[in-house]
Amino acid sequence: MDATTVKLLQLGDLALLAPELTLVIAAIVISLIDLALPRRVNRDIIGGLSLLGVLISLGLVIWKLYQRVYLSEEATRAVQLLNQSYRIDDFALLLKIVFLTATGLILLMSIGNIRENEISNRGEYYYLLLPATLGAMMMASSGDLITLYVGLELISITSYILVGIKKNDRKSSEGAFKYAVLGSVASAFILYGMSFVYGITGSTQLGAIARGLSDHVHAFEPLIYVSFLLMLVGFGFKVAAAPFHAWSPDVYAGAPTPVAAFLAVVSKGASLAILFRIFYSLYFGLGVNKDMIIYHDFATILLVLAAVSMVIGTTMALKQSNVKRLLALSGIANAGYLLVPIGLDMLDGSWHSSNFSEFLFYLLAYLFTTIGAFAVHTVIERSAGHDEMKGYAGLYYRSPWLAVAMTVLVLSLAGIPITAGFMGKLYIIFGAAAGHTVWLAILMMVTGVISFYFYFGFIRQMYMRAGNEDEVRISMTQRVVIALCVLFVLLLGVFPGFVVKAIQQVFSIGADLLIRM
């Protein structure tokens, strides 16, 4: 009887881990298929199988979220597995939907569009995206520092390989080397910061650490500051926040364009998600006692980091003509916007509690806008043979619908009304104002206005410059990705309230984010 009970519990755990196990099984099976296929066989079949694995995993995540909201009472509590080291909660499920959606779009825009002379082994490229996405999902569900670090290294190591997968390209090799060295240093900072909180509390579980830090805050306050700052430096590198951003333009420029899109959305989003969980799970309770200013200091540090990222990302992009570098610098500024909801002080008396809905809405807007822009650039990059903005010259006369699509995406990046980017920035600005950080709201508006200059460089090239008369060739998969991204950018811009209300209905700070034991 006991053995049967244990077996049922194990089967139940496997069912809860079905999305992650789907990616593990798919990666193993697809890698074996790739080894067995003759070299002359087109490797796009591997891309199709990888996309199928991602879609199945996405369906399982959506079904689990539906079960939690409508078919059970689990929504009031998180499901904890593996001795509370892995959590199935609405925070994790919503972010997994973002990561899997982004990976699916990236795979779709890659199928049929990667040449043999660009990536010598396209099979490796396709199935390496699966463990990278798995790492992001593990980070979102982590309830333990060890699980968190395993997920972080899984996405990091596979990303290093993907950046350098163009073996015969010097820029790709240099970018991969820089990314691997600096990424390893960042991981060391994170691990060193974790060692301090482990030394203070004697545990790696986030709930136990939160209780231990709250109990020992007076005795170990300097060490708690050190642990926070060390982890912030490491995660600041992972999200490409200034002043830890120097690697970003070189890595994006050297990596294949779909890989750059993956780094911009999935890798950045996973690090922001775990920073969100760590900040609220570990350090939130330190501000409950009004005599302790430590939590408020941490919130201020995060907001200053956000402000610096906005300013540096925006100003550095003003004179940039390389599109991939420009999108990398845009990602630095957007990392600043995404840090604002994380750093808003919830204990200042205003009780602004919609931080996560603002964060997730802007992350969704950033997902569709950025992947759409990279998808358009893959077309232009192949047509022009380079990454410079002048490759967009006269695009409206060569491919009107592609020019219109890029216009919508650029307007969203710039934050123009009726686009997702505008509504996402507006929600964060309102949140900053509600959190009594009006200076940051003003800075967001100023940097947004300044960014119009370099974003409208695309429009100037497409509509006001003469280009060659060569026809722009767009594959069916690229058309689908660009059309989907433009559609969702407009839908999120026109009907933002529906999405925000849905997030707020599903998500609860107490049940899904504050881990307590």
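Computed from a predicted structure; not experimentally measured.

A. Examining the packing of helix 13 (residues 323-343) against helix 14 (residues 355-384) more closely. Taken N-terminus to C-terminus, the directions of helix 13 and helix 14 make an angle of 175°; their axes are 10 Å apart at the nearest point. As the angle between them shows, helix 13 and helix 14 are arranged roughly antiparallel. Along the contact surface, helix 13 presents V323, K324, L327, G331, N334, Y337, L338, P341 and I342, while helix 14 presents N355, E358, F359, Y362, L363, Y366, A373, F374, H377 and E381. A per-class count over the contact of helix 13 with helix 14 returns 12 nonpolar, four polar and three charged.

B. Seen up close, the nonpolar core. Counting 182 residues, the largest nonpolar core has L95, Y125, F279, Y283, V340, F356 and I371 as its most contacted members. Take this core: its biggest share by element is 19 residues, from helix 11 (residues 257-283).

C. Spatial organisation of the packing of aromatic side chains. A full pass over the atoms with the stated rule returns 30 aromatic pairs. Both rings, one in F91 and one in F356, keep their centres 5.2 Å apart while their planes meet at 45°; by these two values the pair is tilted. Linking F91 in helix 4 (residues 90-110) with F356 in helix 14, this pair joins segments that are 265 residues apart in sequence. The same class applies to F91 as to F356, namely buried. For the ring pair Y225 and F298, a centre distance of 5.2 Å and an interplane angle of 75° mean the geometry is edge-to-face. Of this pair, Y225 sits in helix 9 (residues 221-238) while F298 sits in helix 12 (residues 294-317), and the two are 73 residues apart along the sequence. Taken together, the ring pairs connect F91, Y225, F228, F276, F279, Y280, Y283, F298, F356, F359 and F507 into an aromatic cluster.

What counts and what doesn't
- Residues numbered from 1 in each chain as written.
- Predicted model: local features only at pLDDT ≥ 70, side-chain atom pairs only at ≥ 80, totals over all residues.
- Heavy atoms only, no water.
- Axes fitted to C-alpha atoms, helices over the stretch in contact; angles between N-to-C directions.
- Helix = DSSP H or I, 4+ residues; strand = E, 2+ residues; numbered from the N terminus.
- Parallel < 35°, antiparallel > 145°, perpendicular 65-115°, else oblique.
- Contact = heavy atoms within 4.5 Å.
- Nonpolar A, V, L, I, M, F, W, Y, C, P; charged D, E, K, R; others polar.
- Core = buried A, V, L, I, M, F, W, Y, C linked by side-chain atoms within 4.5 Å.
- Buried < 20%, exposed > 50% of the residue type's maximum accessible area, 1.4 Å probe, protein only.
- Phe/Tyr/Trp six-rings, centres within 6.5 Å; stacked < 30°, edge-to-face > 60°.

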